[in-house]
Structure formats: C-alpha cells, structure tokens
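Reading the structure
Here is what each chain is made of, one letter per residue.
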Amino acid sequence: MSVPSFLALTACLLLVAKGAGWLCQRVRLPSVLGQLLVGVLIGPSFLHLVAPNELISSFANIGVIILMFLAGMETDMQQMRQVGVAAFVSASLGVIVPFLAGTFFSLALGYTLPVSLFLGTLLTATSVSISAQTLKDLGKLITKEGATILGAAVIDDVLGLIVLSVILAFTLGQNPTWGIVKMLLYFPIAYLLGHYGFPLLSRWLPRLLALEARIGLVLALVLLYAWSAESLGNVAAITGAYIAGILVSRTDMKAWVHDGLSKLGYAFFIPLFFVYVGIEANFNSIGQIAVLPLLAFIGVALITKVLGCGGGALLCRFRPHEALVVGVGMISRGEVALITATIGLQTKLIDTSLFSVVILITLVTTLVTPLLLKLTYLLPAHQSFDDPLSALSEQLLPGQEAVALQEENHVH
C-alpha cells in the first residue's frame, strides 16, 4: 500500500469509527458496538470497501494492547483480591463447560475425536477486550463483576492455552511440557520485574525526562511486556499488557501514565482495533456449512460461557444478576479464538470451512457481548440501591455515568 493510500484509509477508518461510536452513544448503546458493526459493513462481508491489511492490523494490535493496559490500570486490586476465588472458579468452569460441550457436540455432528477435541478447545477461548471497553462505556468496570471478569479472563487465557497444548500433543504427537513450564515461569518473573522496577521508574522518570518522553518510555515497556507474554511466556500479548497495567497502577506515576496513554489510545489506536475486528470478519466463506448445525454451534458457544462462568460466580455467592453479568462478559472469543483456529488450520486439524465457522462464532460473540452486557444492566435487579433517590435518578438518567466517564477520559 502506498503512503497516500494508507493515510487516506486511516483517516476514513477513524472518521467512521468516531461517527459510529457517537451514534451509539446517542441511543445509549456502547460505542464499541457501533465500531464493530461499521467494520463489518465496510469489510469483505458486505460492501467490500476495505480488505484486511497487515499495516492497519499492526496498529490495531497496538490498540488492543493499550486498551488492556488501561484496563489493568483501572482494576481495583483490593476488589480483585476479594473476588480472586470467584475469578478462578468462574474461569475454570468457563473452560471445562465449553470444552466438554463443544467436544461432545462435534462428535455428535460426525467429526473425528481429534477434530472434536480441537473444536472444544476453541470454545474455551475468551477475549475480554470487548467486555472491558463495554464496561468502561457503561461506567461498570470498577465493580465486583468487572474485577471478576478481568481476573477470570487472565486465568481463562492460561487454562485455555494449557488445554490447547495438551490437545495438540495428544493429536499431533507434540510435547506440551515446555510450553506449560514457560507459562509457569513467566508470571512470577513478570510480576517481580514490575513490582520492583516500576516504583523505581516512578521516582526517577519525572526527574530525568519531560512528560512526552516519559509516556513514550512507558509505552515501550508495555509493548515489551506484551511481546514477552506471547514470545517467552506462551500466553496472549494482551495478558502481558494487563499485568503491566496492574503493576503501574500501584506506583506514583499512575495518574500521568493513564492520562497520556488513554488520550493516545482512544484518539487513534483503540478505535482502529475495534473497526478492524469487524473488517476481518468474512461471511462469504461459510456458505457450504449447513445452517442448523452452524446455528447450533453458535448457540453452544454463547450458552456454555454463560453457564460455566456465571455458574462459577453463583457458586461463589454472587447474586444471580451479578453472576449473569460475569457470564455474559466472558462470551466474546475475539482474537484468542482466531489465533487458536489459525494453529488448527496450519496443523491441518481443521479445514477452511471449519475455520470460517470459527470466524463467524468469533464475530457473533464479539457483536452480541456489548449489547447483552447493556441489557443485563437494565434488568430490574440492577436497579436496587440503598438510597431510593439514587435508584430514581438511575432510572430517569440511564447511561449518564458512562457518558461522564467518556467525557472525562476524552474517549469520544
């Protein structure tokens, strides 16, 4: 792509992303939903105006890394510790239930055991970036349910990759031991480096560098955390970014780092990520799949996450509506499922038609998650407050907390 073409394409994508986000905000829907839908509309599925592009994809990847870093910075660690058990139980059941259901359902459709095991593994994936942005739009990120979703997503990522390593070893004769060892080593090393290193940077950076240089240096460290998670730790890059955000939030540089990177991220990188997720979807390659099995597979993908993760929250004494929020927040598969499906395609465990099914499942779960999260917060049980005046104001002015938060962070 030539430089003028790239500049024009990037400008157009930013304009449609911001316009779609604004329209959704006007009708009290999460802005991320509009950005995803406009990506689907202009992509190969409908208008064919924009095709997947490696250069735009690179900027989109930086966007999701910044998004998850900011989510980590906004995580209430005291609340996270309080929901730690719930996050672990929700994540565990959120892996077990989809894996078993997906495997048995695939066997019932006539697929071989190796293929069925792999399809079951695909359904264990969770990509929390969509849920994190939606919760931010709704002003619900810093809640018990938000902390549980974010914590469970990190645990789910690790458990899902362990399952993937074991299944690949079982079906292809590989040895999963080294991959699991790398995961077990990565987390304590990443924690210790950040635990001792970021406070030192917090003290010395303001004395040595101007604000812009400090923000650039922190961004470089976040990207290194993301790179090390995927390349050295055998976990997703967004997990490394999220861990970095948690560690930076415990230092004195939290305020200026969050302000600088949120402006940079929401002005450019993060909108490109959400639009590009929609562009990557392609409905045209799934025409040869029977409709009923396809719809059933999508239903299994949706229901098993809600039952597994929401059931885990219920076991940990969450209220039913809180558990429902946790279950719905873990539905989105996103780039984690696409990465897993790509591995299956490269190892010839699945063919192009099944790969297209995974793309559709990823797209559907990604699109419905913001809408379902919004609906769950509109259920009557979420209108109960200790102060009746607060309840009345919330009913009369829904979404004001989210709008205030967006204005404060200059999201739109």
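Sequence order sets the numbering: in each chain, residues are counted from 1 along the sequence as written. Note on the predicted model: pLDDT of at least 70 is required for a residue's local features to be given, and 80 or more for side-chain atom pairs to be given and counted; whole-chain, interface and lining totals, by contrast, use all residues. The basis for every side-chain value is the complete set of non-hydrogen atoms in the structure, without hydrogens or water.

Per an unreviewed UniProt entry, the protein goes by the name Sodium:proton antiporter and belongs to Reticulibacter mediterranei. Under the heading Sequence similarities (unreviewed entry), UniProt records this for the protein: "Belongs to the monovalent cation:proton antiporter 2 (CPA2) transporter (TC 2.A.37) family." UniProt positions are given in the numbering used here, feature names are shortened, and annotations may be inferred rather than shown by experiment. UniProt, in the comment section headed Subcellular location (unreviewed entry), describes the protein in these words: "Membrane".

So, on to the overall build of the protein. Scanning the protein from terminus to terminus reveals 18 helices and zero strands. We call a residue buried when its accessible area falls under 20% of the maximum for its residue type, exposed when it is over 50%, and partly exposed in between, using a 1.4 Å probe and counting protein chains only. Within the protein, buried positions represent 53% of all 412 residues. The criterion used for residue contact is that any of the two residues' heavy atoms lie within 4.5 Å. Restricting the contact set of the protein to residue pairs at least 6 apart, pairs at least 24 apart contribute 81%. Secondary structure counts use DSSP, requiring at least four H or I residues in a row for a helix and at least two E residues in a row for a strand, with both numbered from the N terminus.

With a 1 Å grid laid over protein atoms only, a set of points is called a cavity when a 1.4 Å probe fits there but cannot get out and a pocket when it is open yet has protein on both sides within 12 Å along at least five of seven lines; lining residues have an atom within 4 Å of a point. Grid points are joined across faces, edges and corners, and a volume is the space filled by probe spheres set on the points. Summed over the entire model, instances satisfying the criterion amount to five cavities of 30 Å³ or more. Here the largest cavity is characterised by a volume of approximately 90 Å³. Every residue along the wall of the largest cavity is listed here: Leu119, Leu122, Leu123, Phe297, Arg333, Ala337, Leu354, Val357, Val358 and Ile361. Contributing elements (two or more residues each) for the lining of the largest cavity: α6 (113-122) and α16 (352-377).

Counting 90 residues, the largest nonpolar core has Leu13, Phe69, Leu150, Val218 and Val257 as its most contacted members. No other element matches the 12 residues that helix α12 (residues 254-280) contributes to this core. In contact with Leu150, not counting residues within four places along its chain, are Met68, Ala71, Thr75, Met80, Val128, Ala132, Leu141 and Tyr242. Residues belong to one nonpolar core when they are buried, are Ala, Val, Leu, Ile, Met, Phe, Trp, Tyr or Cys, and are joined through side-chain atoms within 4.5 Å.

Attention shifts here to the pattern of salt bridges. Whenever a carboxyl oxygen of Asp or Glu lies within 4 Å of a side-chain nitrogen of Lys or Arg, that contact is scored as a salt bridge. Applying the stated criterion across every chain yields a total of five salt bridges. The closest approach of N and O atoms between Lys305 and Asp156, which form a salt bridge, is 2.9 Å. You can see Lys305 sitting in helix α13 (residues 291-315) and its partner Asp156 sitting in helix α8 (residues 144-172), a full 149 residues away along the chain. Note on Lys305: relative accessible area 0%, which makes it buried. What makes Asp156 buried here is its relative accessible area of 1%. The partner of Asp259 in a salt bridge is Lys263, and the shortest N-O contact between them spans 3.4 Å. On the criterion of helical spacing, the pair formed by Asp259 and Lys263 is a turn pair, its members being four residues apart in helix α12.

Looking now at helix α14 (residues 320-329). Spacing of three or four residues puts side chains on the same side of an α-helix, whose turn is 3.6 residues. Most of α14 is tucked away, with seven of its 10 residues classed as buried. Every buried residue of α14 is accounted for by Glu322, Ala323, Val325, Val326, Gly327, Val328 and Gly329.

Only rings of Phe, Tyr and Trp enter the pairing, Trp through its six-membered ring, and a pair is recorded when the two centres are within 6.5 Å. The plane angle decides the type: under 30 degrees is stacked, over 60 is edge-to-face, the rest tilted. In total, this model carries eight aromatic pairs according to the counting rule given. Ring geometry for Phe6 and Phe59: centres 5.7 Å apart, planes at 20°, overall stacked. Note that Phe6 is positioned in helix α1 (residues 3-26) and Phe59 in helix α3 (residues 54-73), a separation of 53 residues in sequence. Relative accessible area serves as the criterion here: at 14%, Phe6 is assigned to the buried category.

The residues that make up patches have over 30% relative accessible area and no salt bridge, and they are joined within 9 Å when like-charged or within 5 Å when they are Val, Leu, Ile, Met, Phe, Trp or Tyr. In this description, accessible areas are obtained by the Shrake-Rupley approach with a 1.4 Å probe, and a residue is regarded as covered only by the protein chains that are shown. The grouping of Ile96, Leu100, Phe104, Leu107, Leu113 and Phe170 at the surface amounts to a nonpolar patch, some 580 Å² of accessible area in total. Take the nonpolar patch: its biggest share by element is four residues, from helix α5 (residues 84-108). Among the secondary structure elements, Ile96 is positioned in helix α5.

Averaged over the protein, the pLDDT score is 83; the fraction of residues at 70 or greater is 88%. Predicted confidence in the protein is weakest over helix α17 (residues 388-396), with a mean pLDDT of 37, and strongest over helix α10 (residues 211-231), with 95. Segment residues 383-407: pLDDT under 50, and 24 contacts once partners within four positions in sequence are set aside and those in other chains are kept. Values of pLDDT, the confidence the predictor places in each residue, fall between 0 and 100.

What follows covers the packing of α14 against α16. Where helices are involved, their axes are fitted lines through C-alpha atoms of the stretch in contact, as for all axes, and angles between N-to-C directions lie from 0 to 180°. The interhelical angle for the contact between α14 and α16, taken along N-to-C directions, is 175°, at an axis separation of 9 Å. When the axes of α14 and α16 are compared, the pair comes out roughly antiparallel. Counted together, Leu324, Val325, Val328 and Gly329 of α14 and Thr369, Leu372, Leu373, Thr376 and Tyr377 of α16 form the full contact between these two elements. Ten residue types, Ala, Val, Leu, Ile, Met, Phe, Trp, Tyr, Cys and Pro, are classed as nonpolar, four, Asp, Glu, Lys and Arg, as charged, and the remainder, Gly among them, as polar. Looking at side-chain class alone, the contact of α14 with α16 contains six nonpolar, three polar and no charged residues. Oblique is the label for every angle not falling under 35 degrees (roughly parallel), over 145 degrees (roughly antiparallel), or within 65 to 115 degrees (roughly perpendicular).

Note that Arg28 resides in the loop between α1 and α2 (31-42). As for Arg28 and Lys374, which are separated by 346 residues in sequence, their C-alpha atoms are 9.0 Å apart.

Bringing α1 into the picture now. Along its 24 residues, α1 runs 35 Å from first to last C-alpha, staying within 8% of the 34 Å computed at 1.5 Å per residue. Buried within α1 we find Phe6, Leu9, Thr10, Leu13, Leu14, Ala17, Ala20, Gly21 and Cys24. Two residues or fewer after α1 comes Arg28, characterised by a positive phi angle close to 60°. Any helix carries an expected span of 1.5 Å times its number of residues minus one.

Before going further, it helps to examine unusual backbone geometry. Phi angles above zero are rare outside glycine, and His48 is one such case at about 60°. Tracing the backbone through its elements, the reader meets His48 in the loop between α2 and α3. Positive phi values are uncommon outside glycine, yet Arg317 reaches one of about 70°. By the element assignment, Arg317 lies in the loop between α13 and α14.

Considering the arrangement of structural elements, one finds Thr121 in helix α6. Given the relative accessible area of 3%, Thr121 is considered buried. A sequence separation of 44 residues divides Thr121 from Ser165, and the C-alpha atoms of the two residues are 9.9 Å apart. Not counting chain neighbours up to four residues away, the residues in contact with Thr121 comprise Phe99, Gly160, Val163, Leu164 and Ile167.

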